[in-house]
Amino acid sequence: MGTDLHKLLRSLRVWDVELPTFDPATAPADPLALFTEWFAQAVAAGQIEPHTMSLATADADGTPDVRVVMLHGADARGWAFATHTGSRKGRQLAARPYAALGFYWPVQGRQVRVRGPVTAAPVEEGQADLHARSTGALAAALTGRQSEALGSAQELARASREAWERAQREPDAPVPSWTLYRLRPQEVEFFQGDANRRHVRLVYRREGDGWARGLLWP
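Summary of the structure given here. These numbers come from a predicted model, not from an experiment. (Residues numbered from 1 in each chain as written. Predicted model: local features only at pLDDT ≥ 70, side-chain atom pairs only at ≥ 80, totals over all residues. Heavy atoms only, no water.)

**As for the packing of helix 5 (residues 135-143) against helix 6 (residues 153-169)**
Working step 1: Running from N to C, helix 5 and helix 6 cross one another at 130 degrees; their axes reach a closest spacing of 8 Å. Taken together, the axis directions place helix 5 and helix 6 in an arrangement best described as oblique. Crossing angle aside, the handedness with which helix 5 passes helix 6 is right-handed. Note on element contacts: helix 6 touches helix 5 through Leu 156, Ala 159, Ser 160, Ala 163, Trp 164, Arg 166, Ala 167 and Gln 168, opposite Thr 135, Gly 136, Leu 138, Ala 139, Leu 142 and Thr 143.
Working step 2: Tallied by class, the residues present in the contact of helix 5 with helix 6 amount to eight nonpolar, five polar and one charged. (Axes fitted to C-alpha atoms, helices over the stretch in contact; angles between N-to-C directions. Helix = DSSP H or I, 4+ residues; strand = E, 2+ residues; numbered from the N terminus. Parallel < 35°, antiparallel > 145°, perpendicular 65-115°, else oblique. Left-handed = near helix turned anticlockwise from the far one by under 90°. Contact = heavy atoms within 4.5 Å. Nonpolar A, V, L, I, M, F, W, Y, C, P; charged D, E, K, R; others polar.)

See the structure below:
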């Protein structure tokens, strides 16, 4: 007998732990400050890989796509991530330079959603970001050909082995296609889950040089 997916889904529960409370009246004026606070609290609470996020883009026809990537930083310039320009997401961003990010920290029942236009950072900055990361990250970037058709697992193993050897031999090896992107948020939403389903949703919307804040029904 195979797994009954629907039965399995109905057996699952969420937020069977004590969740933090969130009073939106105490939130700072800038969403980056609140994001930094929530991120630090997620790390302190033991959230696994809190720096992973869903990145949603769309192709030239408007068909949406999503995948999980790593956050490389967040500051006044925007939320940063990186990829090859020739990858699927790189091509999609070239065609439609807008994206959305989604963070989910279940240990605290929290989500953060960010959306806005995306721009590529200067080449030197992208390379510096890459070389500040691990040897494995450089090896993965050197392997290249992201999103292209792969002939066999053996082909990947060979290319990866060669990339690892080069990354260890040349820790500053350039990867011209590797690009750092920044999403400049037009809207940032903070979601605090509640066991009684009275979730708190606080949204920031950019207005000129500042932000307007408001609540949303859950």
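**Quick notes on the pattern of salt bridges**
Working step 1: Taken as a whole and judged by the stated rule, the model has 13 salt bridges.
Working step 2: Ionic pairing is found between Arg 115 and Glu 187, a salt bridge with its closest N-O pair at 3.6 Å. Of this pair, Arg 115 sits in strand 6 (residues 110-120) while Glu 187 sits in strand 8 (residues 187-192), placing them 72 residues apart in sequence.
Working step 3: For the salt bridge of Glu 155 with Arg 145, the shortest nitrogen-to-oxygen distance reads 3.3 Å. On the criterion of sequence distance, the pair formed by Glu 155 in helix 6 and Arg 145 in the loop between helix 5 and helix 6 is long-range, its members being ten residues apart.
Working step 4: For Arg 145, a relative accessible area of 52% translates into the label exposed.
Working step 5: Because the salt bridges share partners, they merge into one network encompassing Asp 75, Arg 77, Glu 125 and Arg 182. (Salt bridge = Lys/Arg side-chain N within 4 Å of Asp/Glu carboxyl O. Buried < 20%, exposed > 50% of the residue type's maximum accessible area, 1.4 Å probe, protein only.)

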